[in-house]
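In case you want the letters, here they are:
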Amino acid sequence: MGKKEYDQKFYLVREDVLPEAMKKTLEAKELIERGKSESVWDAVQQVDLSRSAFYKYRDTVFPFHLVVKEKIISLFFFLEDKPGALSKLLGTVATNSCNVLTIHQTIPLQGRANVTLSLDITNMSGDIDELLVKLRRLEFVDKVDVLSSGG
């Protein structure tokens, strides 16, 4: 007898530690969702996955952005202390249609500052993973972490 849905535990796991079958299941699900495959059979063929593995994992593995039900997220940044850095960071957030709810910045020490942003991502263009990639690519950003998601 399996655990009831409310008794199950969930974990947030980095992609690089997922087994290959789970990664391919996610790829196949995305192909089906985007209309790039007309059937499960076609999708699993495209990603080189068995149908049995797909059916084993399809209801147990999900992209992070689909699991986040609340549309508020808190991000932690470790920034270089450069003129305009916070402005450029906020510009990137705004360009992706996120609404800044709170900003907390420490006084820069040794050329670095900690910044925490709480964002309303209800109207965000793209998904959270795409936003994180854009933010990490900013030349003055040393680190970006998701602190929490929820309301």
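This report concerns the structure included in the present document. Model, not experiment: these values are computed from the prediction.

Take the environment of Glu 130 next. By the element assignment, Glu 130 lies in helix H6 (residues 128-136). Relative accessible area serves as the criterion here: at 41%, Glu 130 is assigned to the partly exposed category. Expressed as a C-alpha distance, the spacing of Glu 130 and Asn 96, which sit 34 residues apart in the sequence, is 9.5 Å.

In this section: the side chain of Ser 118. Within the secondary structure, Ser 118 is located in strand E3 (residues 112-120). Residue classification places Ser 118 among the buried positions, given a relative accessible area of 14%. Among the polar contacts listed, one links the side chain of Ser 118 to the side chain of Ser 74, at a separation of 3.2 Å. In this structure the side chain of Ser 118 is engaged in a polar contact, spanning 3.0 Å, whose partner is the side chain of Thr 102. Excluding its chain neighbours within four sequence positions, the residues that come into contact with Ser 118 are Ile 73, Ser 74, Asn 99, Val 100, Leu 101 and Thr 102.

Our next topic: the packing of aromatic side chains. The full count for this structure, using the stated rule, is one aromatic pair. Both rings, one in Phe 54 and one in Tyr 55, keep their centres 5.4 Å apart while their planes meet at 80 degrees; by these two values the pair is edge-to-face.

Attention now moves to the pairing of strand E2 (residues 99-105). Relative to E3, E2 runs antiparallel, the two being bridged by six bridges. Bridge assignment links Val 100 to a residue of E3, and that residue is Leu 119. Linkage of E2 to E3, two consecutive antiparallel strands, is achieved through a turn of six residues, within which Gln 110 is found at a positive phi near 55 degrees.

What follows concerns the environment of Thr 102. With respect to the element layout, Thr 102 can be found in strand E2. Note on Thr 102: relative accessible area 41%, which makes it partly exposed. Sequence-wise, Thr 102 and Ser 74 are 28 residues apart; in three dimensions their C-alpha atoms are separated by 9.0 Å. Contact partners of Thr 102, with chain neighbours within four places excluded, come to Thr 116, Leu 117 and Ser 118.

With that settled, the discussion passes to the nonpolar core. In this structure, Phe 77, Leu 89, Leu 119 and Leu 135 are the most contacted members of the largest nonpolar core, which totals 22 residues. Going through the elements one at a time, strand E1 (72-80), helix H5 (85-95), E3, H6 and strand E4 (141-149) are the ones with two or more residues in this core. Once residues lying within four places of it in the same chain are set aside, the contact partners of Phe 77 are Leu 89, Ala 113, Asn 114, Val 115, Leu 117, Leu 135, Val 141, Lys 143 and Val 144. Leu 31, Ala 43, Val 44 and Val 47 belong to the second largest nonpolar core, which has nine residues in total.

So, how was this worked out
- Per chain, the residues get numbers from 1 upward, laid out in the order the sequence is written.
- Local features are withheld for residues below a pLDDT of 70 in this predicted model, meaning they are given only at 70 or higher, and side-chain atom pairs are given and counted only at 80 or more; totals for whole chains, interfaces and linings count all residues.
- With hydrogens and water excluded, all non-hydrogen atoms of the structure serve as input to the side-chain values.
- Here a strand is any run of E in DSSP of at least two residues, a helix any run of H or I of at least four, and the numbering for each starts at the N terminus.
- Each residue is placed in one exposure class: buried if its accessible area under a 1.4 Å probe, protein chains only, is under 20% of its type's maximum, exposed if it is over 50%, and partly exposed if it falls in between.
- Identification of polar contacts relies on pairs of N or O atoms within 3.5 Å, with a donor-acceptor requirement for protein atoms, meaning one able to donate a hydrogen and the other able to accept it, and with residues adjacent in sequence counted only if both atoms are side-chain atoms.
- Any two residues whose heavy atoms approach within 4.5 Å are treated as being in contact.
- When two rings of Phe, Tyr or Trp (its six-membered ring) have centres within 6.5 Å they constitute a pair, described as stacked for plane angles under 30 degrees, edge-to-face for angles over 60, and tilted for the intermediate range.
- The pairing criterion for strands is at least two bridges between them, as found by DSSP.
- To qualify as a nonpolar core, a set must consist of buried Ala, Val, Leu, Ile, Met, Phe, Trp, Tyr and Cys residues joined through side-chain atoms within 4.5 Å.

Spatial relationships are all this shows, so hold off on functional conclusions.
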